[in-house]
Amino acid sequence: MVFWIASAIGLAIAYLVGSTPTGYLAGRLLKGIDIREHGSRSTGATNVLRTLGKWPALAVLVTDVLKGMAAIVFARWFCPWLYALPVVMPSQAPDPQTFVPWAVCLAGLVVLLGHGRSIWLNFTGGKSAATGLGVLLAMSWPVGLGAATVFAVVLAISRIVSLGSMLAALTAIALVCGLEQPLPYRLLVIAGGIYVIVRHRANIQRLLAGTEPRLGQSGPGSKVEPQV
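Note that the coordinates shown come from a computational prediction; the quantities given were computed from them, not determined experimentally.

J.: What should I look at first to understand the confidence of the model for the protein chain in this one?
T.: Taken as a whole, the protein chain shows an average pLDDT of 88; of its residues, 88% reach a score of 70 or greater. Every residue in residues 224-228 scores below 50 in pLDDT, and together they form eight contacts with partners more than four places removed in sequence or on other chains.

J.: I tried to follow the pattern of salt bridges on my own but got confused; where do I start?
T.: A pair can form between side chains of opposite charge whenever their charged atoms are brought close. Inspection of the entire model under this criterion finds three salt bridges. Between D64 and K67 there is a salt bridge; the shortest N-O distance is 3.4 Å. Placement of the pair is D64 and K67 together in helix α4 (residues 54-83), with a separation of three residues, close to one helical turn. A salt bridge links E212 to R206; the nearest nitrogen and oxygen atoms lie 2.7 Å apart.

J.: What is the right way to read helix α7 (residues 141-158) from this model?
T.: Residue pairs spaced three or four apart in an α-helix point in one direction, given the helix's 3.6 residues per turn. Here α7 is 18 residues long and its end C-alpha atoms lie 25 Å apart, about the 26 Å a rise of 1.5 Å per residue gives. Buried within α7 we find V143, G144, G146, A147, V154, L155 and S158. The arc that holds every buried residue of α7, seen down its axis, measures 165°, which confines them to one face. More than 90 degrees from the buried face of α7, the exposed residues found are W141, A156 and I157. Where α7 terminates, the next one or two residues include R159, which has phi positive at roughly 65°.

The rules behind these values
Residues numbered from 1 in each chain as written. Predicted model: local features only at pLDDT ≥ 70, side-chain atom pairs only at ≥ 80, totals over all residues. Heavy atoms only, no water. pLDDT = per-residue confidence, 0-100. Contact = heavy atoms within 4.5 Å. Salt bridge = Lys/Arg side-chain N within 4 Å of Asp/Glu carboxyl O. Helix = DSSP H or I, 4+ residues; strand = E, 2+ residues; numbered from the N terminus. Expected span 1.5 Å × (residues − 1). Buried < 20%, exposed > 50% of the residue type's maximum accessible area, 1.4 Å probe, protein only. Arc of directions from axis to C-beta.

As structure tokens, this is what we get:
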């Protein structure tokens, strides 16, 4: 019983890390606005760029990536620490390293969910691409680097962030299945990649209609003036 309670607390911490609304906070602190009422209505770095400018967007991007990395680092520390407590696990318990990949899998999914469905924003949020990149880099840097490279190339060619994000998610799925990775990591990347793509369903509709804005192109009402 203690084990399951402690595990639930660990997952709750990962969720709260993911749900920290960095884009929303940037809008409130810098312009006194709710960024969900402007631009694409997302709290992600792309909408921050269109609404607040490049430096706030860079800060939000880095923070969102670090959120994903922090959840994985925490899971890798928390699981062995939990197993080392005699009150939690009996002495004949299996090697904790057996369960670390599964802890990483769950923490990764929960931090993505937290970013996209933040408890602080009535379960709204960003599209989890940047946080997903942080998860990938901390979980398996070759997979993360491959996804980041595809994103950068697609963005340089098309100037469409959503397209780069979705192709990066598909690349991560292909890489994690093609490389030697634990089964929980593969499940995490497949589920997380599908989640990121689903979160971009409105972008997919705009891509098909040819109306998806490119990087540096402002949508209607995307730039705002400070409120006083």
